[in-house]
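Understanding the architecture of this molecule
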Amino acid sequence: MKGYAIELPNSRKFILPILSVFFLTIIPLYLRNSPLSPLHALEMFNNGSRSGEIEHVCNVFRGDWVLGSEGPYYTDETKCEIDQRQNCMKFGRPDTEFMKWRWKPDECELPRFNASQFLEVVTGKTMAFVGDSVGRNQMQSLVCLLATAANPIDVSSVNDTRFRRWLYPSHNFTLVALWSPLLVKFRNADTSGFSRNNILNLYLDEADETWTDHVDDLDFVIFSAGQWFFRPFIYYENNTIVGCFKCERQNITEVPHYYGYKMAFRTAFRALLRNDRYKGTTFLRTYSPSHFENGDWNKGGNCIRTNPFTKQEMKLDGYNLASYMTQVDEFRIAEKEAEIRGLKFRMLDTTEAMVLRPDGHPNYYGHSPQENRTLADCVHWCLPGPIDTWNEFLLQMLKAEGIGNIKIKLQTEKN
């Protein structure tokens with residue numbers, strides 16, 4: 001695509017061609033040989049069938065975006081919390097079609113979100129979104145989606161939206177946000193203070209206590225982490241420097257950002273696997289791509305498109321694919337250990353769908369027109385918008401697990 005530009009760290013320009021060839025060669029074989037399970041495929045039943053016999057299996061994460069006739073589930077006036085930076089309608093985004101595209105799996109229909117059904121499934125449970133602000137983006141989407149059935153009470157212990165707790169008294173259901181953008185411990189390496197691009201010390205073998213201290217009684221943990229790993233780091237293991245990324249220090253070996261990404265997820269998964277008190281279900285919400293064009297995020301890049309890409313226009317490849325597969329590889333290892341322990345690890349596989357949605361970001365419509373518009377937001381997602389589909393996926397996955405009294409019953413195209 002002519003003119004397409006996104007932030008690529010300098011060190012990657014040497015390894016990206018090799019990685020691209022490697023991943024593009026092995027991914028089709030990997031996916032073809034991967035067994036179907038609730039990770040990537042949800043069991044479907046014929047309409048009205050309650051026999052439990054599997055009629056058809058559909059991978060809901062593989063499909064296309066189609067323009068629907070119905071509007072969004074909620075608006076910026078719905079009684080729910082939408083972060084101002086993702087409230088695209090409030091700040092005058094002129095086009096509205098981006099809210100009408102619906103995800104269409106290749107072999108079945110994905111039902112629209114049912115708020116009452118979701119609350120029934122999670123009655124008496126606690127669900128935590130652990131990770132970065134994109135995870136909080138999904139949590140706020142969920143609160144807005146549930147607003148048609150119930151409104152929560154804020155029972156947060158601190159006055160910080162990054163660590164929010166919502167209680168739905170009617171169903172004794174609690175939603176929790178635990179902000180930990182790197183999943184592991186980090187500290188400023190620059191004594192001059194924190195900035196968007198200063199170097200951080202990242203302790204790859206130490207899970208962040210801001211979330212690990214709260215997981216014992218959680219029923220669902222949904223991990224989210226991605227874009228923060230492109231910033232400069234000095235990597236530590238056993239309190240010893242093992243390398244860095246974009247640190248420009250002559251005495252430290254430069255390594256790709258994928259190393260830090262891999263180790264952070266490995267440590268996060270192990271923190272749950274080795275916690276005997278944790279009995280919940282763990283979801284990995286896969287890598288959420290950005291869509292900067294016309295420059296990097298800090299060099300005039302923006303995302304002005306108003307329609308999704310087609311599969312012919314955009315593929316899951318390059319560093320998006322490499323980041324995605326870094327997660328998947330660590331997840332597969334953790335999943336095997338989880339099975340031994342009797343824990344459920346599930347993958348909320350949103351990456352392929354979202355790489356096609358350059359139109360779904362706030363761009364400059366996350367700010368008041370009077371504010372400085374030098375930086376576009378092509379990382380987070382407008383609310384309402386395509387991120388609502390993540391919670392449609394989540395509901396079907398919860399139903400596939402047989403949680404609560406609702407069993408999954410999706411209509412396949414063969415019926």
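These remarks concern the structure in this document. (Residues numbered from 1 in each chain as written. Predicted model: local features only at pLDDT ≥ 70, side-chain atom pairs only at ≥ 80, totals over all residues. Heavy atoms only, no water.)

**Looking at the sheet that holds strand S11 (residues 220–224)**
If you trace the seven strands from one edge of the open sheet to the other, you get S6-S7-S8-S5-S11-S14-S15, paired in mixed fashion. At either margin of the open sheet sits one strand with a lone partner, and together these are strand S6 (153–154) and strand S15 (344–348). Along the sheet, helix H8 (residues 388–400) makes contact with strand S5 (126–131), S11, strand S14 (281–285) and S15, crossing S15 at roughly 150°. (Pairing = 2+ DSSP bridges. Helix = DSSP H or I, 4+ residues; strand = E, 2+ residues; numbered from the N terminus. Contact = heavy atoms within 4.5 Å. Axes fitted to C-alpha atoms, helices over the stretch in contact; angles between N-to-C directions.)

**Digging into the sheet that holds strand S10 (residues 200–207)**
Across the sheet, four strands lie side by side as S9-S10-S12-S13; this open sheet has mixed pairing. Every interior strand has two partners, whereas the edge strands, strand S9 (184–188) and strand S13 (240–245), have only one. Between one strand and the next, the sheet's axes are offset by a mean angle of 25°, whatever the strand orientation. As judged from the four bridges shared by S10 and strand S12 (residues 233–237), these two strands associate in the parallel manner. Following the sheet pairing, Tyr-203 is matched in S12 by Tyr-236.

**Re the side chain of Thr-267**
Mapped onto the secondary structure, Thr-267 falls in helix H5 (residues 257–273). With residues up to four places along the chain from it excluded, the contact list for Thr-267 reads Val-184, Leu-204, Asp-205, Glu-206 and Ala-207.

**Some thoughts on helix H6 (residues 318–341)**
Taking 1.5 Å of rise per residue, the 24 residues of H6 would be expected to cover 34 Å, and the 35 Å separating its terminal C-alpha atoms lies within 8% of that figure. Of all 24 residues in H6, 17 are buried, a share of seventy percent or more. (Expected span 1.5 Å × (residues − 1). Buried < 20%, exposed > 50% of the residue type's maximum accessible area, 1.4 Å probe, protein only.)

**So, the packing of helix H3 (residues 133–146) against H8**
Taken N-terminus to C-terminus, the directions of H3 and H8 make an angle of 75°; their axes are 9 Å apart at the nearest point. Classified by the angle their axes make, H3 and H8 are roughly perpendicular. Where H3 abuts H8, its residues Val-134, Gln-138, Ser-141, Leu-142 and Leu-145 lie against Asp-388, Trp-390, Asn-391 and Leu-394. Per-class residue counts for the contact of H3 with H8 are five nonpolar, three polar and one charged. (Parallel < 35°, antiparallel > 145°, perpendicular 65-115°, else oblique. Nonpolar A, V, L, I, M, F, W, Y, C, P; charged D, E, K, R; others polar.)

**Details of the nonpolar core**
Core analysis: the biggest nonpolar cluster contains 57 residues, and Phe-118, Met-127, Leu-146, Tyr-168, Phe-173, Leu-175 and Leu-398 have the highest contact counts within it. Counting residues per element, this core draws most heavily on H3, at seven residues. With residues near it in sequence (within four places) discarded, Tyr-168 still touches Leu-119, Val-143, Leu-146, Ala-150, Asn-151, Pro-152, Phe-173 and Leu-175. With 48 residues, the next largest nonpolar core counts Val-184, Tyr-287, Tyr-324 and Val-328 among its residues. (Core = buried A, V, L, I, M, F, W, Y, C linked by side-chain atoms within 4.5 Å.)

**Here we look at the pattern of salt bridges**
Considering all chains together, one arrives at 20 salt bridges under this definition. Close ionic contact of Arg-112 with Glu-70 constitutes a salt bridge, the shortest N to O distance being 3.5 Å. Taken together, the residues Arg-112 in the loop between strand S4 (101–105) and helix H2 (115–121) and Glu-70 in the loop between strand S3 (63–67) and S4 connect sequence positions 42 residues apart. Residue Glu-70 is classed as partly exposed on the basis of its relative accessible area, which comes to 45%. Among the salt bridges present, the one from Asp-83 reaches Arg-85, with a minimum N-O distance of 2.8 Å. Judged by its relative accessible area of 15%, Asp-83 is buried. Residue classification places Arg-85 among the partly exposed residues on the basis of a relative accessible area of 44%. When salt bridges with common partners are traced through the structure, they connect Arg-62, Asp-349 and Glu-352 into a single cluster. (Salt bridge = Lys/Arg side-chain N within 4 Å of Asp/Glu carboxyl O.)

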